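The residues making up each chain are set out below.
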Amino acid sequence: MTTTDFEKQLLRRKKDIIRIVEYATQQNILAAAECANAGASQVKNLLDKKGGYKKTDYSWGTHWSSAPGSPPAMGTGHLLNSIVSGVISKGNPASAYFGSKARYAIPLEFGHKGPKPAAPRPFMRVVSNDPGFRSMIRTTVAREWRKSIIIGVANTKDTSFRP
């Protein structure tokens, strides 16, 4: 059985489309990482703000605490330095995250009922629920997807298709 010119052209088109989608998927991963890095950066900016904290002197030193419902006060800087981001899924769609490696990040974020109960002092949710942050994610992913498709199509050898 011989392959017609039309069938050869279809096969080449299929390969071009696969190449375009693979490139777009790679760009989607980069966009996801960019968004996660932006989220981590916003959390760090939030944690680095000063003011509105209560000072308490103890025998071991001074402790600064934030008001319940406010982001945690910065003491040692460990929480600030524990903020991380990365890519979880490299498929289509890509998934990325930002979070904290500090073991006390979750009790701070959601509060706890231990021997000395503490109200939540959210810092991750403040950023992740921010409409501006969510809009930035949509804009970044759409921009990179659109750009990668345009570049992918421009890089195909033959843009004409003759059935």
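Numbers given to residues run from 1 along each chain, matching the order in which its sequence is written. Predicted model: local features are reported for residues with pLDDT of at least 70 only, side-chain atom pairs are reported and counted for 80 or more only, and whole-chain, interface and lining totals are derived from all residues. By convention in this description, side-chain values take in all heavy atoms of the structure and omit both hydrogens and water.

> Any chance you could explain the packing of aromatic side chains here in plain terms?
Aromatic rings in a pair are described by how distant their centres are and how their planes are angled relative to each other. For this analysis, a ring pair means two rings from Phe, Tyr or Trp (six-membered ring only for Trp) whose centres lie within 6.5 Å, classed as stacked if their planes differ by under 30 degrees, edge-to-face if by over 60, and tilted for the remaining angles. Scanning the entire structure with this criterion turns up one aromatic pair. Ring geometry for Phe-98 against Phe-133: centres 5.6 Å apart, planes inclined by 85 degrees, an arrangement best described as edge-to-face. Of this pair, Phe-98 sits in strand β4 (residues 95–100) while Phe-133 sits in helix α5 (residues 131–154); the two residues are 35 residues apart in sequence, bridging distant segments of the chain. Numbered from the N terminus, helices here are DSSP runs of H or I no shorter than four residues, and strands are runs of E no shorter than two.

> How should I be thinking about the packing of helix α1 (residues 5–47) against α5 in this particular structure?
Relative placement of two packed helices is described by the angle separating their axes and the distance separating the axes. Each axis is a line fitted through C-alpha atoms, and for a helix only the stretch in contact is used; angles between axes span 0 to 180 degrees, taken between their N-to-C directions. Orientation of α1 relative to α5, taken along the N-to-C sense of each, is 155 degrees, at an axis distance of 8 Å. With respect to their mutual orientation, α1 and α5 come out roughly antiparallel. When the axes of α1 and α5 are compared, the crossing they make is right-handed. Note on residue categories: nonpolar means Ala, Val, Leu, Ile, Met, Phe, Trp, Tyr, Cys or Pro, charged means Asp, Glu, Lys or Arg, and polar means any other residue, Gly included. For the contact of α1 with α5, the per-class residue count stands at 14 nonpolar, eight polar and three charged. Angles are sorted into four bins: roughly parallel if under 35 degrees, roughly antiparallel if over 145, roughly perpendicular if 65 to 115, and oblique for all others. Handedness of a helix crossing follows the sense of rotation of the near helix relative to the far helix, less than a right angle counterclockwise being left-handed and clockwise being right-handed.

> What am I meant to see in the nonpolar core here?
A general feature of soluble globular proteins is that nonpolar side chains tend to end up buried together. Ranked by internal contacts, the top residues of the largest apolar core, which has 14 residues, are Val-43, Leu-47, Leu-79, Ile-83, Phe-98, Phe-123 and Met-124. Of all the secondary-structure elements, those providing two or more residues to this core are α1, α2 (78–81) and α4 (124–128). With four residues, the top contributor of residues to this core is α1. Once you skip the residues sitting within four places of it in the chain, Leu-47 turns out to touch Pro-72, Met-74, Leu-79, Leu-80, Ile-83 and Phe-123. Throughout, nonpolar core names a set of buried Ala, Val, Leu, Ile, Met, Phe, Trp, Tyr and Cys residues whose side chains join them through atoms within 4.5 Å. Throughout this description, buried means an accessible area under 20% of the type-specific maximum (1.4 Å probe, protein chains only), exposed means over 50%, and partly exposed covers the range between. Contacts: residue pairs with any heavy atoms within 4.5 Å of one another.

> Teacher, can you tell me more about the environment of Ile-88 here?
Relative to the helices and strands, Ile-88 resides in strand β3 (residues 83–89). Judged by relative accessible area, which is 59%, Ile-88 ranks as exposed. Sequence spacing of Ile-88 and Ile-29 is 59 residues, and the spatial spacing of their C-alpha atoms is 9.5 Å.

> Which parts of the structure should I look at to understand α5?
In an α-helix, one full turn covers 3.6 residues, which means residues spaced three or four apart are oriented alike. With 24 residues, α5 ought to run about 34 Å at 1.5 Å a step, and its terminal C-alpha atoms sit 34 Å apart, in line with that. Those residues of α5 that are buried are in contact with α1, β4 and α4. Expected helix span is given by 1.5 Å per residue-to-residue step, counting one fewer step than there are residues.

> For this particular structure, what's the right way to read the layout of surface pockets?
The rolling of a water-molecule-sized probe over the atoms marks out the regions of remaining empty space. Using only the protein atoms, space was sampled on a 1 Å grid; points where a 1.4 Å probe fits but cannot get out form cavities, open sets with protein on both sides within 12 Å along at least five of seven lines form pockets, and lining residues are those with an atom within 4 Å of a point. Grid points are joined across faces, edges and corners, and a volume is the space filled by probe spheres set on the points. When its volume is computed, the largest pocket comes out at roughly 800 Å³. Looking at the largest pocket, it is lined by 26 residues, and the ones nearest its centre are His-63, Trp-64, Ser-65, Ala-73 and Leu-108. Mapped onto the lining of the largest pocket, the elements with two or more residues apiece are β2 (61–66), α2 and α3 (105–110). Among the elements that take part in the lining of the largest pocket, β2 stands out by supplying five residues, more than any other. Residues that form the lining of the largest pocket fall into these classes: 15 nonpolar, nine polar and two charged. Quantified by volume, the second largest pocket comes out at close to 210 Å³.

> How do you make sense of the pattern of salt bridges when you look at a structure like this?
A side chain with one charge may pair with a side chain of the opposite charge, provided their charged atoms come close. The term salt bridge refers to a pairing of a side-chain nitrogen on Lys or Arg with a carboxyl oxygen on Asp or Glu at a separation within 4 Å. Taken as a whole and judged by the stated rule, the model has four salt bridges. The partner of Glu-34 in a salt bridge is Arg-143, and the shortest N-O contact between them spans 3.4 Å. Pair noted here: Glu-34 is in helix α1 and Arg-143 is in helix α5, with a separation of 109 residues, a long-range link. For the salt bridge of Arg-143 with Glu-144, the shortest nitrogen-to-oxygen distance reads 3.1 Å. According to the relative accessible area criterion, Arg-143 is partly exposed, its value standing at 35%. Three or more residues are tied together by salt bridges with common partners; here these are Glu-34, Arg-143, Glu-144 and Lys-147.

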